[in-house]
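Structural description and commentary
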Amino acid sequence: MKAAIYARVSTSNNGQDPTMQTRELREYCERRGRAVADEFIDAGVSGSKESRPALNRLLADAKRRKFDAVLVYRYDRFARSLRHLVNALAEFDALGIHFVSLHEGVDTSTPNGRLVFGIFASIAEFERELIRGRVRSGLAAAKARGKRLGRPTVTVDTARITALRASGASWRDIGAQMGMCRETLRRAFELGKQTSF
């Protein structure tokens, strides 16, 4: 079984070094008889960023099935949030790749690891539903206060568009003159009358 090792330290100038993480992960692979396919290390990269150079390479190599398992030192070294973790684990699961978090003792190739993943997925879904409910409540409260939601109404003078088109003006020029995007102008022109959007 081939494993990919992922390590991350936020700042390398404060004495943080990914060597401790990679050493322990290599030792784990050795004890389990797993070959290390590659090591992906983000040094000096904040965990709050979902897109990180080494993590992006790891995800691309996962899609190419270059390894069978991803090993991390801790969840927080890998994922920026529970949702990010659950999404990555779901993608790994779909690709047939196991995920091991060394210090949390989670290995998705085991029944216990799959149980923990299921719990995480449930918590992430619960979190999404709470957020969705808060958004709906906020929108309802705004409507109750008389706030108009959505895009503002735009009145388009199609006679002016017609005249400008007849004089040979391009859609870009008309858009610049009228302060509107070309698609709105084209739609109004097609309808051929004063229109509100």
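Everything that follows concerns the structure shown earlier in this document.
Keep in mind that this is a model prediction, so the values were computed, not measured. (Residues numbered from 1 in each chain as written. Predicted model: local features only at pLDDT ≥ 70, side-chain atom pairs only at ≥ 80, totals over all residues. Heavy atoms only, no water.)

**Some points on the nonpolar core**
- Of all hydrophobic cores here, the largest spans 25 residues; its most connected members are L58, F78, F92 and F99.
- Contributions of two or more residues to this core are made by β1 (2-9), α2 (53-63), β3 (69-72), α3 (75-78), α4 (82-95) and α5 (111-144).
- If one sorts the elements of this core by residue count, α4 sits on top with six residues.
- The residues contacting F78, other than those within four sequence positions of it, are Y6, R52, L55, L58, V72, H84, L85, A88, F92 and F99.
- L164, M178, M180 and L185 belong to the second-largest nonpolar core, a separate cluster that totals ten residues. (Core = buried A, V, L, I, M, F, W, Y, C linked by side-chain atoms within 4.5 Å. Buried < 20%, exposed > 50% of the residue type's maximum accessible area, 1.4 Å probe, protein only. Helix = DSSP H or I, 4+ residues; strand = E, 2+ residues; numbered from the N terminus. Contact = heavy atoms within 4.5 Å.)

**Quick word on the side chain of R52**
- Inspection of the secondary structure assignment puts R52 in the loop between β2 (35-43) and α2.
- The side chain of R52 sits in the buried core without any salt bridge; D42 is the nearest counter-charge, 4.7 Å away.
- Within the structure, the side chain of R52 is placed 2.8 Å from the side chain of Y6, a separation counted as a polar contact. (Lys, Arg positive; Asp, Glu negative; His and termini not counted. Salt bridge = Lys/Arg side-chain N within 4 Å of Asp/Glu carboxyl O. Polar contact = N/O pair within 3.5 Å; in protein donor to acceptor, adjacent residues only side chain to side chain.)

**Quick word on the pairing of β3**
- Across the two faces of β3 the burial is the same, with A69 and L71 and V70 and V72 all buried.
- Bridge count between β1 and β3: four bridges; the pairing is parallel. Pairing of A4 across the sheet is with V70, part of β3.
- The pairing of β3 with strand β4 (residues 98-101) spans four bridges and is parallel. Directly across from V70, in β4, lies its bridge partner F99. (Pairing = 2+ DSSP bridges.)

**Structural notes on the side chain of D42**
- Looking at the secondary structure, you find D42 in strand β2.
- A distance of 2.7 Å separates a polar atom in the side chain of D42 from a polar atom in the side chain of Y6.
- Reaching out from D42, the side chain makes a polar contact with the backbone nitrogen of L55 at a distance of 3.2 Å.
- Not counting residues within four places of it along the chain, the set of residues in contact with D42 comprises Y6, A7, R8, V9, R52, P53, A54 and L55.

**As for the environment of A124**
- Along the chain, the position of A124 falls in helix α5.
- For A124, the residues in contact, after removing those within four places along its chain, are L82 and V86.

**A look at the packing of α2 against α4**
- Remark: α2 packs on α4, axes separated minimally by 10 Å, with the N-to-C direction vectors making an angle of 25°. It follows from the interaxial angle that α2 and α4 lie roughly parallel. Across the interface between the two elements, L55, L58, L59, A62 and K63 from α2 touch H84, E91, F92 and L95 from α4.
- Considering only residue class, the contact of α2 with α4 consists of six nonpolar, one polar and two charged. (Axes fitted to C-alpha atoms, helices over the stretch in contact; angles between N-to-C directions. Parallel < 35°, antiparallel > 145°, perpendicular 65-115°, else oblique. Nonpolar A, V, L, I, M, F, W, Y, C, P; charged D, E, K, R; others polar.)

**Comments concerning the environment of S46**
- Tracing the backbone through its elements, the reader meets S46 in the loop between β2 and α2.
- When its relative accessible area of 30% is taken as the criterion, S46 is described as partly exposed.
- Sequence separation between S46 and R77 is 31 residues, and the spatial gap between their C-alpha atoms is 9.5 Å.
- Those residues in contact with S46, other than ones at most four positions away along the chain, are R8, S10 and R52.

Without other data, these values stay purely geometric and don't point to any function.
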